[in-house]
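Listed here are the chains, written in short residue letters.
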Amino acid sequence: MITVTSTPDLRIGVIGMGARSDLASHAHRPGEGSRVTVVADPAERGRALARERFGEDVATARSVEEMLEAHEVDAVMILAPDFAHAGIARQTLAAGIPTFCEKPMAISLEDADAMLELAKEKRARLYIGHNMRHMPVVRQMKAIVDSGRIGRVRAIWCRHFVGAGGDFYFKDWHAEREKAMSLLLQKGAHDIDVIHWLAGGSTRRVSGIGDLAVYGGITDRRDNSDRRMGEWYDEDIWPPTAQKELNPVVDVEDISMLQMTLDNGVLASYQQCHFTPDYWRNYTVIGDAGRIENMGDGAGDQIYIWTSRRSGPGRPDDVEVTARAEGGHGGADPSLVAEFLRFARSGGRTEVSVIAAREAVATGVRGAESIRSGGVPLEVPPVADEIREYFDGGQV
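Residues numbered from 1 in each chain as written. Predicted model: local features only at pLDDT ≥ 70, side-chain atom pairs only at ≥ 80, totals over all residues. Heavy atoms only, no water.

Just to check I follow, could you spell out the nonpolar core for this structure?
Nonpolar side chains tend toward joint burial in soluble globular proteins. Ranked by internal contacts, the top residues of the largest apolar core, which has 79 residues, are Met105, Leu116, Leu126, Val285, Ile292 and Phe391. If one sorts the elements of this core by residue count, helix 12 (residues 354–371) sits on top with nine residues. The residue makeup of this core includes at least three contributed by each of domain 1 (10–131) and domain 2 (132–342 + 351–379). Of all hydrophobic cores here, the second largest spans 25 residues; its members include Ala27, Leu336, Phe343 and Ala344. (Core = buried A, V, L, I, M, F, W, Y, C linked by side-chain atoms within 4.5 Å. Buried < 20%, exposed > 50% of the residue type's maximum accessible area, 1.4 Å probe, protein only. Helix = DSSP H or I, 4+ residues; strand = E, 2+ residues; numbered from the N terminus. Domains from an automatic or database assignment.)

What is the right way to read the sheet that holds strand 12 (residues 290–295) from this model?
Within a sheet, each strand pairs with its neighbour through backbone hydrogen bonds, oriented either parallel or antiparallel. The mixed open sheet is built from nine strands, whose spatial order is 14-13-12-11-7-10-9-8-15. Bordering the open sheet on either side are strand 14 (318–321) and strand 15 (378–379), each of which pairs with just one other strand. Pairing of strand 8 (residues 203–211) with strand 15 involves two bridges; the strand directions are antiparallel. By the bridge assignment for strand 15, Val206 is matched with Leu378. (Pairing = 2+ DSSP bridges.)

What's the story with the packing of aromatic side chains in this structure? I'm lost.
Any pair of aromatic rings gets described here by the distance separating the centres and the angle formed by the planes. Enumeration according to the criterion identifies twelve aromatic pairs in this entry. Between Phe161 and Trp280 the ring centres are 5.5 Å apart and the planes differ by 35 degrees, which places this aromatic pair in the tilted class. Separated by 119 residues along the polypeptide, Phe161 in strand 7 (residues 153–161) and Trp280 in strand 11 (residues 280–287) bring together distant segments of the chain. When its relative accessible area of 22% is taken as the criterion, Trp280 is described as partly exposed. An angle of 85 degrees between the planes, with centres 4.9 Å apart, marks the rings of Tyr390 and Phe391 as edge-to-face. The exposure class of Tyr390 is buried, given its relative accessible area of 7%. Residue classification places Phe391 among the buried positions, given a relative accessible area of 8%. Grouped by ring-pair contacts, the aromatic residues Phe100, Tyr127, Phe340 and Phe343 constitute a single cluster. Over the aromatic face of Phe83 sits the side chain of Lys179, whose NZ or CZ is 6.0 Å from the ring centroid. (Phe/Tyr/Trp six-rings, centres within 6.5 Å; stacked < 30°, edge-to-face > 60°. Lys NZ or Arg CZ within 6 Å of the ring centre and 35° of its normal.)

When you look at unusual backbone geometry in this model, what are you seeing that I'm missing?
Excluding glycine, residues mostly carry a negative phi; peptide bonds, for their part, are mostly trans. Cis geometry is found at the peptide bond from Lys103 to Pro104, where omega equals -10 degrees. Looking at where Pro104 falls in the secondary structure, it is placed in the loop between strand 5 (99–102) and helix 4 (109–122). At the junction of Trp238 and Pro239, the peptide bond is cis and its omega measures out at 0 degrees in the coordinates. Position of Pro239 relative to the elements: it lies in the loop between helix 10 (229–232) and strand 9 (255–262). Despite not being glycine, Arg123 has its phi angle at roughly 55 degrees, a positive value. Position of Arg123 among the secondary structure elements: in the loop between helix 4 and strand 6 (126–129).

In this structure, what is going on with helix 1 (residues 44–54)? I would like to understand it.
Because the α-helix completes a turn every 3.6 residues, residues three or four places apart line up on one side. Listed as buried for helix 1 are Gly46, Arg47, Leu49, Ala50 and Phe54. Buried residues along helix 1 cover an arc of 155 degrees about the axis, so they all sit on one side. Each element contacted by the buried residues of helix 1 is listed here: strand 2 (34–40) and strand 3 (59–61). Where helix 1 terminates, the next one or two residues include Gly55, which has phi positive at roughly 105 degrees. (Arc of directions from axis to C-beta. Contact = heavy atoms within 4.5 Å.)

Okay, here's the thing in structure tokens:
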């Protein structure tokens, strides 16, 4: 039984105590509006971590079903692996519970659309954890674009150098198509959403090329399900071909490149590589009166702005410094959770868009399918008008 209370603290249920479970710590503020009251995780290790992080009085459950049957919650946070998102969300949305689902919202377009349909049918508030919409570098680039300084956006290029790719994504379930579909979802969903947000449109046609160029040739394999990433992560491993103890199954691409045509005519490209020495994102936004490009994506890094023909390499017309903020992902994580908690309690529109989260999944899925079919261009189906209007209207 689920009851929304009028008590000061929202009762938060957390599902999954894996790599992104630190997000739930931002929701545990007893006496300040929300507290984690129950955690569901099938592993005793995860339940023990919950007690360590949230206190011995936090309730634990071995499954989502057990949590929903035995405990009343006002909102839930789904922080389980990607392949479990849709199945868990079906249960929490069917129960009418405000639901935070970590991105990507699903690993198939069909599951993403089913989540939208169910949330609308049950009038259950759905929120997807696209934290980059709260990152200072992205928000500042968005403000520059919206100001009109570079004119109308015509093209966006994004290069994502994933220097920790071997440790982050090729030693556990992320390396398997069956469980991740493609790293164009796990990693690319972030960037595709940002591209769409900066461009003011969504991809309707995509084509791609890619390869499992490096990690597929490493034969040293191990089942790492008994460990967490912190136990195998080693930043001193170099070059990437020196990696050991990769997941037994490795069949996702470690380098991918997409070309996208958006519904408003903007052209975009996205490149992702998991064996670079450096780890950062570079966005270039080209308008018909200038362009911007971020030189780094952390606090104190710079955004270059070119608006005259007299500018050149290293000589932008203006420079904006990326703001500092406290918390993970440049301060984005606490802002993300704060927005969800406000939304769970009061509803209304949010900076994070559920429709855009679906569009990121759709583009990533179709992009991966294009890569695996020789680069053939594929159409990305739009969301039905009534679904878009409901979610864009604040899920009223």
